[in-house]
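Here are the chains, one letter per residue:
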Amino acid sequence: MKYLWRLLPLSLILLMSGCGVQNLSALDPQGPVAEMQYSLIQLSLYIMIFVLVIVFAIYIFVLYRFRERPGDTHIPKQVHGNRTLETIWTTIPILLLLMLAIPNVMDTFTLADVSVNEEGEESEDGEMDHVVVEVMAHQFWWEFTYPDYDITAGQDMYIPTDTRIIIELQSSDVQHSFWVPALAGKQDNVPGIQNDMWFEAPEEGVYMGKCTELCGPSHWLMDFKVIAVDPDTFETWASNMAEPPSNVTEPEGEVAVDGRGVFEQSCISCHAVGDDGGNIGPNLTNYGEREVLAGYMDPTDENLEAWLRDTQEYKPGNEMPNFDHEAINDEEMAALIEYLNELKILEEE
Ligand code: HEC
Ligand SMILES: [Cu+2]
């Protein structure tokens, strides 16, 4: 037990090697915002290393140079006050702090400016040069509303690449915090207050996001994804979210039709598919394209059933009720799962 603390550095290394997986690292910045923040991190780090090296060099030199030698019989001459030295070691820190402060303050103002160009909403080629996303945090999931497109999505935030994404953070219950480490630093979702931020994703890909404010028993499972796609795919996604294709609105297979029946009976009061349904839970129009279920599980049939039967086990304290065999029997469950898996709007096969 006594030497257990020696394992600490090892466990830290193991812990930190988890960073970087799936774009969940601020140290692998993507896009202008994350890059700007990363260069501030680097600048502070270099200044700290500089100070550390100089201070330790002097320290070690003094320890060695003025060590006690054999034959030393009395305390050496004591010195008080030295104007030159004191001026030096006051001026250098002031300069270092200025070197830190000036870029920090400048970048803070740049990053706080979420305005878009004055001319208007569209760039020359007719495409939107920015997209506004209202991010509403709930215990324990994320809702993304695109006011210019009149659509609402759950859990997956689709964005076009190379486009300024203006993010308006809000919360429906307690305080949460929105963090997509590879794209931008974190910012809080505060009930009753709107916080704004922006970022841009240069490349297509999936960026992991997390809630970073302790918000309840399932806080640690409150993950989401930012999915950056090329602007054309984004437009297709957005218009299909607004008006889903027929495979979503009118399921064809007999089983899926039955599944839709179960959905209308037990789920639609909280979940919308297309225009149809409530908004207590995530919009499920594109559920079949989720990479993860409920923010963190593999979206297999088994997991989906486990989630529906026993959601409170998988995300304690969330707003969805458990559905036991009395509420939904096995046959209905199979149909429901088939229906949900078919909810796809981007499929190109
Ligand atoms: C009382 C409202 C309510 C009812 C009824 C309800 N849900 Fe939910 N559902 C929620 C909430 C809230 C969440 C988000 C939970 C979380 O992640 O914190 C959720 C999450 C889900 C998810 C995960 C979504 C995702 O994006 O991964 C699925 C799938 C789901 N529900 C399916 C269903 C089905 C199918 C039914 C009907 C059998 C149903 N729900 C009934 C409120 C409800
Ligand atoms: Cu949260």
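It should be noted that the structure appears before, not after, this text.
Residues numbered from 1 in each chain as written. Chains lettered and ligands numbered in written order. Predicted model: local features only at pLDDT ≥ 70, side-chain atom pairs only at ≥ 80, totals over all residues. Heavy atoms only, no water.

## Some thoughts on the coordination of the copper ion (ligand 2)
The protein atoms donating to the copper ion (ligand 2) are His176 (ND1), Cys211 (SG), Cys215 (SG) and Met222 (SD), with metal-donor distances spanning 2.1 to 2.5 Å. Considering all four donor atoms around the copper ion (ligand 2), angles at the metal cover 95 to 123 degrees and the coordination shape is tetrahedral. (Donors = N, O, S within 2.8 Å, 3.2 Å for Na, K, Ca; no water. Tetrahedral: all angles 85-135°; square planar, octahedral: opposite > 155°, others 65-115°.)

## A closer look at the sheet that holds strand β1 (residues 130–138)
Strand order in the open sheet made by the five strands is β3-β2-β1-β5-β8, with mixed pairing throughout. Two strands close off the open sheet at either side, each with one partner strand: β3 (151–154) and β8 (195–199). Pairwise comparison of adjacent strand axes, ignoring direction, gives a mean angle of 25 degrees for this sheet. Where strand β5 (residues 164–171) meets β8, five bridges bridge the pair, whose relative direction is antiparallel. (Pairing = 2+ DSSP bridges. Helix = DSSP H or I, 4+ residues; strand = E, 2+ residues; numbered from the N terminus. Axes fitted to C-alpha atoms, helices over the stretch in contact; angles between N-to-C directions.)

## Structural notes on the site of ligand 1
In the vicinity of ligand 1 there are 27 residues, among which Cys267, Cys270, His271, Ala294 and Met320 approach most closely. Here Arg290 contributes a side-chain N or O atom positioned 2.6 Å from an oxygen atom of ligand 1. In the model, an oxygen atom of ligand 1 is placed 2.6 Å from a nitrogen or oxygen of the Ala294 main chain. Mapping ligand 1 onto the cavity grids shows that it belongs to the largest pocket. (Near = heavy atom within 4 Å. Polar contact = N/O pair within 3.5 Å; in protein donor to acceptor, adjacent residues only side chain to side chain. 1 Å grid on protein atoms, 1.4 Å probe; cavity = no way out; pocket = protein on both sides within 12 Å on 5 of 7 lines; lining within 4 Å. Sits in = over half its atoms within 2 Å of the grid points.)

## A look at the coordination of the iron atom of ligand 1
Protein coordination of the iron atom of ligand 1 is provided by His271 (NE2) and Met320 (SD), with donor distances spanning 1.9 to 2.1 Å. Looking at His271, the relative accessible area reads 12%, which means it is buried. (Buried < 20%, exposed > 50% of the residue type's maximum accessible area, 1.4 Å probe, protein only.)

## Structural notes on a negative patch on the surface
Among the surface-exposed residues, Glu254, Asp258, Glu331 and Glu332 lie close enough to one another that they form a single negatively charged patch. Of all the secondary-structure elements, those providing two or more residues to the negative patch are α6 (254–266) and α9 (330–341). Tracing the sequence through the fold places Glu332 in helix α9. Judged by relative accessible area, Glu332 falls into the partly exposed class, the value being 31%. (Patch = residues over 30% accessible without salt bridge, like charges linked within 9 Å, V, L, I, M, F, W, Y side chains within 5 Å. Areas by Shrake-Rupley, 256 points an atom, 1.4 Å probe, with all protein chains shown as cover. Salt bridge = Lys/Arg side-chain N within 4 Å of Asp/Glu carboxyl O. Lys, Arg positive; Asp, Glu negative; His and termini not counted. Charge placed at Lys NZ, Arg CZ, Asp CG, Glu CD.)

## Concerning the sheet that holds strand β7 (residues 184–189)
Remark on secondary structure: sheet strands pair via backbone hydrogen bonds, oriented parallel or antiparallel. Spatial ordering of the open sheet is given by β4-β10-β9-β6-β7, a layout of five strands whose pairing is mixed. Edge positions in the open sheet fall to β4 (156–160) and β7, since each of these has one partner strand only. Recorded for the sheet is a direction-independent mean angle of 25 degrees between the axes of neighbouring strands. Relative to strand β10 (residues 223–229), β4 runs parallel, the two being bridged by five bridges. In the sheet register, Ile159 faces β10, and the bridge partner there is Ala228. Where helix α4 (residues 231–242) meets the sheet, it contacts β4 and β10, and its direction lies at approximately 130 degrees from that of β4. (Contact = heavy atoms within 4.5 Å.)

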